[in-house]
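# Notes for the structure review
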Amino acid sequence: MSNDPHANAVQQLHQVAELLRPQYADQADRFDQAITKLSEPDRVIEAELSVKMDDGSTKQFQAYRAQHNNARGPYKGGIRYHQDVSLSEVKALSTWMTWKCAVTGIPYGGGKGGVIVNPRELSTGELERLSRAYVQLVADHIGPWQDIPAPDVNTTGQIMAWMVDEYQQALQSKGQLLENPLATFTGKPVMLGGSEGREEATGLGGVFVLEELVAKLGLRKQDVSIAVQGFGNVGYWFAYHADRLGYRVVAVSDSKGAIYVEKGLDVAKTLECKKKFGSIAECMCVDGVCDPSQGKVLTNAELLELPVDIIVPAALENVITAENAGRIQAKAIIEMANGPVTPEADEILAKNGVVLVPDVLANAGGVTTSYFEWVQNLQGYSWTHEEVISKLKPLMVKAFGEMWAMREQTNQPGRMATYMTAIKRVVDAMMLRGVV
Ligand code: GLU
């Protein structure tokens, strides 16, 4: 079960449906129809992309775009480039995007794309041609009022810039000059219609959630130790802002391994060091000084089992499973990756009293700032960094408060409490529209 992400997403949906069903007693048939419809994406576009390689050969790459549900607004979600992408994963991620957009209340449904590729094996030119081929595949089904892609794992602002350009060319060749290509993609470079603050938004949004959680748990921030798995865009910015605000970030990791420094890492310096050495294994950086004798090297799996207050999985899915959930010592987990905890692990953690803030809430700062980017593109007017962050914070704080209230009211763990609010919003939108 745990290696079939879409089966996991459907299992979660059905669990939540059981909790919500009593509220829909007078429209039971319509409710069941909505849950059935939400168990599969509205549409999946899939094809093999042919890409010309630098050596003159042509290679095929399997590509997907899943459009899950658009009852609350256009489909929205990133495009992932990874060798482990699968149809099941893309469908699950598109489902989670529907819930995620509902959690902070932004007017979108959910979508997700993926290509089976290890982008590190491609040259810049090959990566550009692959990205342009992807846009040709989906061009008829995206647009500011239809489906708005964004970056996800291994996709960047540069890739969004190529995609905007390819999409604009596709529109021009069809004479559709009134479409807005900039508002069709988010996570773009600031120079090309991107938003100030978008790059750090997912990590910073997670830190707004951390602040609320720590207050609810009655902890003092200077006593709180945190281990962050993953040092990509999300993990780095989470660790950076947590460190800046005075939390003790004692462990971080990249795909090659983890480091643990009990007195707390200097996160910005650790990134500088990683850039120099290529991996973080030697980057035990404290107060500006990097010295391996200040800490120790661990595996990614060991990082999750450290005796810390909070663990933050910020890399890939399915890292906390039935196998290791019982060994988690932390008081709380903030899921910054999508789907890092399997449903079986959820049950074990709940039994052990570990508080969980689920992905669709904890990492919603990214798509929420994508929404701000889209609004700015539609207005043709850009906001300052300060304006963006000052709009993000209240939405994250409100979403956390709603989760906590639902958790106390229903006695359900964090994931169920968050999903109850989100799925109810989606079902209500479907009923209001009369699509069920
Ligand atoms: N890929 C990000 C996520 O999973 C951002 C999506 C977006 O901005 O549309 O939330």
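Structural data are supplied above this passage.
The structure displayed is predicted, hence computed values, not measured ones. (Residues numbered from 1 in each chain as written. Predicted model: local features only at pLDDT ≥ 70, side-chain atom pairs only at ≥ 80, totals over all residues. Heavy atoms only, no water.)

### Description of the sheet that holds strand β5 (residues 147-151)
Read across the open sheet, the five strands follow the order β1-β2-β4-β3-β5; overall the sheet is mixed. Only two strands of the sheet have a single neighbouring strand rather than two, namely β1 (43-52) and β5. Neighbour-to-neighbour, the strand axes of the sheet open up by a mean angle of 20°, direction not taken into account. The sheet contact formed by β1 and strand β2 (residues 58-69) spans ten bridges and is antiparallel. Bridge pairing in β2 places A47 opposite A63. Packing of helix α3 (residues 87-104) onto the sheet brings it into contact with β1, β2, β3 (75-82) and β4 (110-116), and relative to β4 it is tilted by some 150°. (Pairing = 2+ DSSP bridges. Helix = DSSP H or I, 4+ residues; strand = E, 2+ residues; numbered from the N terminus. Axes fitted to C-alpha atoms, helices over the stretch in contact; angles between N-to-C directions. Contact = heavy atoms within 4.5 Å.)

### Concerning the site of the ligand
What surrounds the ligand is a group of 13 residues, the closest being K76, K100, P151, D152 and S370. Between the ligand and K76 there is a distance of 2.7 Å, counted from an oxygen atom to a side-chain nitrogen or oxygen. Between the ligand and R198 there is a distance of 3.1 Å, counted from an oxygen atom to a side-chain nitrogen or oxygen. For the ligand, whose unbound accessible area comes to 290 Å², protein coverage reaches 94%. Of all the elements in the fold, those that place two or more residues in the shell around the ligand are β3, α3, β5 and α12 (364-379). Per element, the largest residue contribution to the shell around the ligand is three residues, and it comes from β3. Grouping the amino acids of the shell around the ligand by side-chain chemistry returns four nonpolar, four polar and five charged. (Near = heavy atom within 4 Å. Polar contact = N/O pair within 3.5 Å; in protein donor to acceptor, adjacent residues only side chain to side chain. Areas by Shrake-Rupley, 256 points an atom, 1.4 Å probe, with all protein chains shown as cover. Nonpolar A, V, L, I, M, F, W, Y, C, P; charged D, E, K, R; others polar.)

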